[in-house]
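# Descriptive structure summary
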Amino acid sequence: MSTQGNTEVKPCLITGGCGFVGRNMTLRQLSMGKEVWVIDDLSTGSDPSEWLPEGYQQQAGQHPSITVFQGPQKLIFLKGDLLRLMAGGLDSDGIQLPKFGDVFHFAAVVGGRATIEGNPMAVAIDLAMDSCMFNWAVRDGNVERMLYPSSSAAYPISMQESEGHVALKESDIEFGGALGQPDMTYGWSKLTGEYLARVAAEHYGLHVACVRPFSGYGEDQDESYPIPAIAARAARKESPITVWGSGLQGRDFVHIQDCIDFMLLVLDKISDGSAANIGSGQLTNFRQVAALFVELAGYETEVKPLVDKPVGVHSRYGDPTFSREVLGWEPKISIREGFARVLAEARKRHGIADEVGA
Ligand SMILES: NC(=O)c1ccc[n+]([C@@H]2O[C@H](COP(=O)([O-])OP(=O)(O)OC[C@H]3O[C@@H](n4cnc5c(N)ncnc54)[C@H](O)[C@@H]3O)[C@@H](O)[C@H]2O)c1
């Protein structure tokens, strides 16, 4: 536990802290001078030794499942299944967690469109993981403040069809009123998670905020997600360049650093379990995404649709009014700048030299 001035600062906990969003939040918290605990089973995430900056030394922890990374700050990594740990495994394993300040609960089975549509029952485990996590969070002062990442997938899919789609606003999900049909088991688990957040706030006084990110992307995202996958195709100058489905389906893309900024803001501003969109309000279809990557990669080609691939809803984009006008946030990183960063990283990943002017 660290101290700042005379005030004791509790460590923060990041579940799923070795995944895409979790890693970026972990690095941000360390850069803010916080001691960070991470719980992750590495089912899709990668070990902190692979992504921590230089200067962190690895040491054994209080338990065989715990590794301490000591550097400018301290990262305590507990490798294990969050579901089992929060459902009694902490006690049976003799693991003691400290009391936490901020808790960011990013552990989940996600896996992109192929998993969401291809293995919906695997994703449904998130229902169990979230309920165990909230049960633990409301007990014994374990947590001061909690951020729950819901998703734009919680919105009714009827509002995202090719005809009549709309910019989705927070009030389109109305607990106690209209909820609609969310997107597969993934959307249902997020909707239920939001409901649990409200129960935790109302019945147990937990300070909790939810966010509904639209399509978060970034340099270190896995290539099972569309932006790094299309970037890799453009880095290799594939011709034609392929996109899943007709390519006319569109999303609202937000760079991960903007997402992290917003999550920190929301945790300060929302405490009653309600949710805020993380979106720009800009709808970009996958043909436009591929065309921009091709332009950034400095070549010309056609975009080829792969119609047998899963595509999800037609048009999903957020209404940014609440985040802009009430919370005072808007994304700082444009799609052009963010995609250029992802392309540069794709070139590095695939050992392709940067081209001058490209
Ligand atoms: N990336 C986005 O744009 C986006 C959009 C909406 C919502 N979200 C939400 O944000 C959260 C994080 O998403 P992500 O993109 O970083 O996903 P990710 O798959 O990269 O990260 C999830 C992490 O959770 C870990 N994990 C999975 N099951 C676990 C278990 N049983 N015990 C311990 N660890 C486990 C994985 O190993 C991985 O490190 C998820 O809840 C996701 O639904 C993300």
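Placed above this text is the structure.
Residues numbered from 1 in each chain as written. Predicted model: local features only at pLDDT ≥ 70, side-chain atom pairs only at ≥ 80, totals over all residues. Heavy atoms only, no water.

## As for helix H10 (residues 286-297)
Which entries qualify depends on this criterion: Only DSSP runs of H or I with at least four residues qualify as helices, and only runs of E with at least two residues qualify as strands; both kinds are numbered from the N terminus onward. How far a helix is expected to stretch is found by multiplying one less than its residue total by 1.5 Å. The buried label goes to any residue with under 20% of its type's maximum accessible area, the exposed label to any with over 50%, and the partly exposed label to all in between, with areas taken from a 1.4 Å probe on protein chains only. Each polar contact in these results corresponds to two N or O atoms within 3.5 Å; when the atoms are within protein, one needs to be able to donate a hydrogen and the other to accept it, and residues that are neighboring in sequence are counted only if both atoms are side-chain atoms.
Helix length check: H10 (12 residues) gives 16 Å between terminal C-alpha atoms against 16 Å at 1.5 Å per residue, within 8%. Taken as a whole, H10 has its buried residues at Phe286, Val289, Ala290, Leu292, Phe293, Val294, Leu296 and Ala297. Among the residues of H10, the N-terminal cap falls to asparagine 285, whose side-chain oxygen and the backbone nitrogen of arginine 287 are separated by 3.0 Å. Phi for glycine 298, located one or two positions after H10, is positive at around 80°.

## A closer look at the packing of helix H1 (residues 20-31) against helix H9 (residues 256-269)
Convention followed: In this analysis an axis means a line fitted to C-alpha atoms, helices contributing only their contacting stretch, and an angle means the value between N-to-C directions, from 0 to 180 degrees. Crossing chirality is assigned from the near helix's rotation relative to the far helix, an anticlockwise turn below a right angle marking it left-handed and a clockwise turn marking it right-handed. Contact definition: two residues touch when any of their heavy atoms are within 4.5 Å.
Running from amino to carboxyl end, H1 crosses H9 at an angle of 65°, the nearest separation of the two axes being 10 Å. Viewed along their axes, H1 and H9 form a crossing whose handedness is right-handed. Facing Phe20, Val21, Asn24, Met25, Arg28 and Gln29 of H1, the residues of H9 in contact are Ile256, Gln257, Ile260, Asp261, Met263 and Leu264.

## A word on the sheet that holds strand S10 (residues 207-213)
Put simply, the rule reads: Paired strands, as defined in this entry, are two strands with at least two bridges between them according to DSSP.
In space, the 9 strands of this open sheet follow the order S5-S6-S7-S4-S3-S8-S9-S10-S15, with mixed pairing throughout. This sheet does not close on itself; its edge strands, each paired only once, are strand S5 (57-60) and strand S15 (272-278). In this sheet, adjacent strand axes meet at a mean angle of 20° when their direction is disregarded. Note that strand S4 (residues 36-40) and strand S7 (residues 74-79) share 5 bridges and pair parallel. In the sheet register, valine 36 faces S7, and the bridge partner there is leucine 75. Strand contacts of helix H3 (residues 82-93): strand S3 (12-15), S4, S7 and strand S8 (100-105), with the helix running at about 105° to S4, the strand carrying the most contacts. Seen against the sheet, helix H7 (residues 184-204) touches strand S9 (143-149), S10 and S15 and runs at an angle of roughly 140° to S15.

## Details of the environment of glutamate 50
With respect to the element layout, glutamate 50 can be found in helix H2 (residues 48-51). For glutamate 50, a relative accessible area of 61% puts it in the exposed group. Linking glutamate 50 and cysteine 18, residues 32 residues apart in sequence, is a C-alpha distance of 9.8 Å.

## Concerning the pairing of S10
To keep things clear, this is the line we draw: For the handedness criterion, the strands are oriented away from the viewer, and a crossover whose path from the first strand over the helix to the second runs clockwise is classed as right-handed.
Summarising burial for S10: 6 of the 7 residues are buried, a large majority. Of the pairings in the sheet, the one linking S9 to S10 comprises 5 bridges and is parallel in character. Bridging across to S10, methionine 146 finds its partner in valine 208. Following the chain from S9 across H7 to the adjacent parallel S10, one finds a crossover that is right-handed. Strand direction decides the pairing type here: S10 and S15, joined by 5 bridges, are parallel. Across the sheet, valine 211 pairs through a bridge with alanine 276, a residue of S15.

## Quick word on the packing of helix H6 (residues 125-137) against H7
Two numbers describe a pair of packed helices, the interaxial angle and the distance between the axes. For clarity, the threshold we go by: Small angles under 35 degrees read as roughly parallel and large ones over 145 as roughly antiparallel, with 65 to 115 read as roughly perpendicular and the rest as oblique. When residues are grouped by polarity, Ala, Val, Leu, Ile, Met, Phe, Trp, Tyr, Cys and Pro land in nonpolar, Asp, Glu, Lys and Arg in charged, and all others, Gly among them, in polar.
Relative to each other, H6 and H7 sit at 10°, their axes nearing to 9 Å. Regarding the angle of H6 to H7, the classification is roughly parallel. Facing Asp126, Leu127, Asp130, Ser131 and Phe134 of H6, the residues of H7 in contact are Trp188, Ser189, Thr192, Gly193, Leu196, Ala197 and Ala200. Its residues assigned to classes, the contact of H6 with H7 shows 6 nonpolar, 4 polar and 2 charged.

## Section: unusual backbone geometry
Residue proline 240 is bonded to the preceding serine 239 through a cis peptide linkage, with omega at 0°. Along the chain, proline 240 turns up in the loop between helix H8 (226-235) and strand S12 (241-244). Phi angles above zero are rare outside glycine, and aspartate 140 is one such case at about 55°. The exposure class of aspartate 140 is exposed, given its relative accessible area of 59%. Non-glycine residue lysine 237 carries a positive phi angle of around 55°. If you trace the backbone, lysine 237 turns up in the loop between H8 and S12.

## Concerning the side chain of aspartate 319
To keep it simple, the criterion reads: Charge counting follows a simple rule: Lys and Arg are positive, Asp and Glu are negative, and His as well as the terminal groups are ignored. Salt bridges are identified by distance alone: a Lys or Arg side-chain nitrogen within 4 Å of an Asp or Glu carboxyl oxygen.
Structurally, aspartate 319 can be placed in the loop between strand S17 (303-306) and helix H11 (321-326). Salt bridges are absent for the buried aspartate 319, whose nearest opposite-charge side chain, lysine 169, sits at 5.8 Å. Reaching out from aspartate 319, the side chain makes a polar contact with the side chain of threonine 321 at a distance of 2.5 Å. With residues near it in sequence (within four places) discarded, aspartate 319 still touches Ala167, Leu168, Lys169, Glu170 and Asn277.

## A word on the packing of aromatic side chains
Cut-off, in case you're wondering: Note on aromatic contacts: the rings of Phe and Tyr and the six-membered ring of Trp form a pair at centre separations within 6.5 Å, being stacked when their planes are under 30 degrees apart, edge-to-face when over 60 apart, and tilted otherwise.
Throughout the structure, instances matching the rule amount to 11 aromatic pairs. Plain terms: the ring middles of phenylalanine 104 and phenylalanine 106 are 6.2 Å apart, the flat faces sit at 15° to each other, and that makes the pair stacked. We classify phenylalanine 106 as buried; its relative accessible area is 12%. Taken together, the ring pairs in this structure connect Tyr217, Phe253, Phe286, Phe293 and Phe339 into an aromatic cluster.

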